[in-house]
Amino acid sequence: MEKYIIKGGNRLHGEVTISGAKNAAVAILPAALLSDEPCIIENVPNISDIDITIKILLSLGAEVKMLDKSTLRIDPRRIRTPVVEYDLAKNMRASYYFLGALLGKVGRARVSMPGGCDLGARPVDQHLKGFNSLGAECAVDHGMIHVQADRLVGAHIYFDVVTVGATINVMMAAVKADGLTVIENAAKEPHIVDLANFLNSMGADIMGAGTDVIKIRGVKALHGAHYSIIPDQIEAGTFMVAAAATGGDILVRNVIPKHLESITVKLQKIGAYVEEFDDSIRVTGGGPLVKANVKTMPHPGFPTDMQPQITTLLTLAEGTSIVTESIFDNRFKYVDELRRMGADISVDGRVAVVEGVGRLMGAPVKATDLRAGAALVIAGLAASGITEIEEIHHIERGYEDMEKKLRALGADMKKISIPESVLAQAL
Ligand code: EPU
């Protein structure tokens, strides 16, 4: 078992470089299967969700080569099976992107129901509705999702909810369908635009990504491409909040400031000073932090993936803040852990009332999911005393070298491994 041990209280200062976006990469790597030639993908984050994605690609018969630490070459010419088994799919939500990619590539796929963060019910009905509209038969049995089509035909699809996953999956299935597909009420997140740009660089014809109507005109074949993934909006936002929470001063490099606007505006309201440059952003804390209300919304609203981190910051602010989660049913599980550190937060369904307590105290806590884990790291950095965070595998799913990057900013933080044999003796 591995843990982070953080001695809080240091003001973070210096520069940090943001890695490629997890939620773009987990879509773009499967999308490379749609090509008839190899693709080279740069700025791939070194995180465990990408390790799993690569294992899935290899299990399907694709050839994957690491050209350097963040560059991959994917050759999809020898795909031998359209099946992604439970053992691989269970660890990651985005394993369901292999449904859209394989359906578009070979007309069928069988993928185990996906895993990923437990944020409440996460149905896939809109994915299946989209595939169905394109002419695929869909069924779920024994925990496997089956999709199959003799021929995919463009269609008009209206999503009942704004969904990142289904927008991505249907885009991938539709790029080689016959005729025009129109997705209405599409998600507009930066990674949707990034995937569309990648597919277009392979010869796809996609317009409107980044708006709520995406038009995809099917093409016969896709060719290889050389593409660089956008920087991770949520990793950047996490470091921005860490600067504010520790009264620090961090220059966050390799970002697209436009993607960070909703986070920037909220941090300014809470009392941080934020300065934007072309591809970096500087956050300075240290002044008084004040209450703010936050409601998560689909892009360009405040991202649900930043909700635990900003809630943690609000525990350090003066006054009562209201945080409303409007995307997922159950994304406040980390609150119990923050309470162990002295936070005063009450939760009723999707609304949390945060009474600012000014300071937190170190305690042993457990990461309940990826962004919850990031929030606990921020809490530990800002708290007095020692915080021990267990279950850090959740954090490593989505943050590249988090503890190294934080240490370089002055954090007193280390990762320790406790051998299984020692744990067994302790039981
Ligand atoms: N929904 C349905 N039916 C569907 C699909 C979604 O009702 O068929 C609902 C969901 O239950 C949820 C809402 O629609 O209430 C939005 O879900 P969405 O499909 O947008 O989320 P997702 O694709 O499951 C991705 C990210 C999440 C991020 C959300 C929202 C990936 C791999 N995951 O999830 O990222 O929170 O979009 O932006 O891209 C994370 O990185 O920590 C993370 C959880």
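The preceding data block contains the structure.
An account of the accompanying structure is given in this report. (Residues numbered from 1 in each chain as written. Predicted model: local features only at pLDDT ≥ 70, side-chain atom pairs only at ≥ 80, totals over all residues. Heavy atoms only, no water.)

Focus on the overall build of the chain
Here's step 1: Per the secondary structure count, the chain includes 15 helices and 24 strands.
Here's step 2: Taking 22 Å as the expected radius of gyration for a compact globule of 427 residues, we find that the chain reaches 22 Å, a close match to that expectation.
Here's step 3: Per-residue burial for the chain yields a buried fraction of 55% across its 427 residues.
Here's step 4: Within the chain, counting contacts between residues at least 6 apart in sequence, those at least 24 apart form 73% of the total.
Here's step 5: Summed over its atoms, the accessible surface of the chain is roughly 16,700 Å², and 50% of this surface lies on carbon and sulfur atoms.
Here's step 6: The distance from the centre of the 45 positive side-chain charges to the centre of the 51 negative ones in the chain is 1 Å. (Helix = DSSP H or I, 4+ residues; strand = E, 2+ residues; numbered from the N terminus. Rg over C-alpha atoms; globule rule 2.2 N^0.38 Å. Buried < 20%, exposed > 50% of the residue type's maximum accessible area, 1.4 Å probe, protein only. Contact = heavy atoms within 4.5 Å. Areas by Shrake-Rupley, 256 points an atom, 1.4 Å probe, with all protein chains shown as cover. Lys, Arg positive; Asp, Glu negative; His and termini not counted. Charge placed at Lys NZ, Arg CZ, Asp CG, Glu CD.)

Concerning the environment of Ser-228
Here's step 1: Structurally, Ser-228 can be placed in strand S14 (residues 226-228).
Here's step 2: As a C-alpha pair, Ser-228 and Cys-39 span 189 residues in sequence and 11 Å in three-dimensional space.
Here's step 3: Residue contacts for Ser-228: discarding those within four places in its chain leaves Glu-42, Asn-43 and Asp-194.

Here we look at the sheet that holds S14
Here's step 1: Spatially, S4-S5-S3-S14 is the arrangement adopted by the four strands of the open sheet, whose pairing is mixed. Where the open sheet ends on each side, the last strands, each with one partner, are strand S4 (63-68) and S14. Neighbour-to-neighbour, the strand axes of the sheet open up by a mean angle of 20°, direction not taken into account.
Here's step 2: Alignment of S4 against strand S5 (residues 71-75), held across five bridges, turns out to be antiparallel. Within the sheet, the bridge partner assigned to Asp-68 lies in S5 and is Thr-71.
Here's step 3: Seen against the sheet, helix H7 (residues 190-201) touches strand S3 (39-42) and S14 and runs at an angle of roughly 165° to S14. (Pairing = 2+ DSSP bridges. Axes fitted to C-alpha atoms, helices over the stretch in contact; angles between N-to-C directions.)

Observations regarding the site of the ligand
Here's step 1: Near the ligand lie 26 residues; those nearest to it are Asp-125, Gln-126, Val-164, Asp-305 and Ile-327.
Here's step 2: At 3.0 Å, a side-chain N or O of Tyr-96 approaches an oxygen atom of the ligand.
Here's step 3: Here Asp-305 contributes a side-chain N or O atom positioned 2.5 Å from an oxygen atom of the ligand.
Here's step 4: Against a free-state accessible area of 830 Å², the protein chains account for coverage of 90% of the ligand.
Here's step 5: Looking at the shell around the ligand, the elements with two or more residues in it are helix H1 (22-31), helix H5 (125-133), helix H6 (164-174) and helix H12 (370-382).
Here's step 6: In terms of residue count, the dominant contributor to the shell around the ligand is H5 (three residues). (Near = heavy atom within 4 Å. Polar contact = N/O pair within 3.5 Å; in protein donor to acceptor, adjacent residues only side chain to side chain.)

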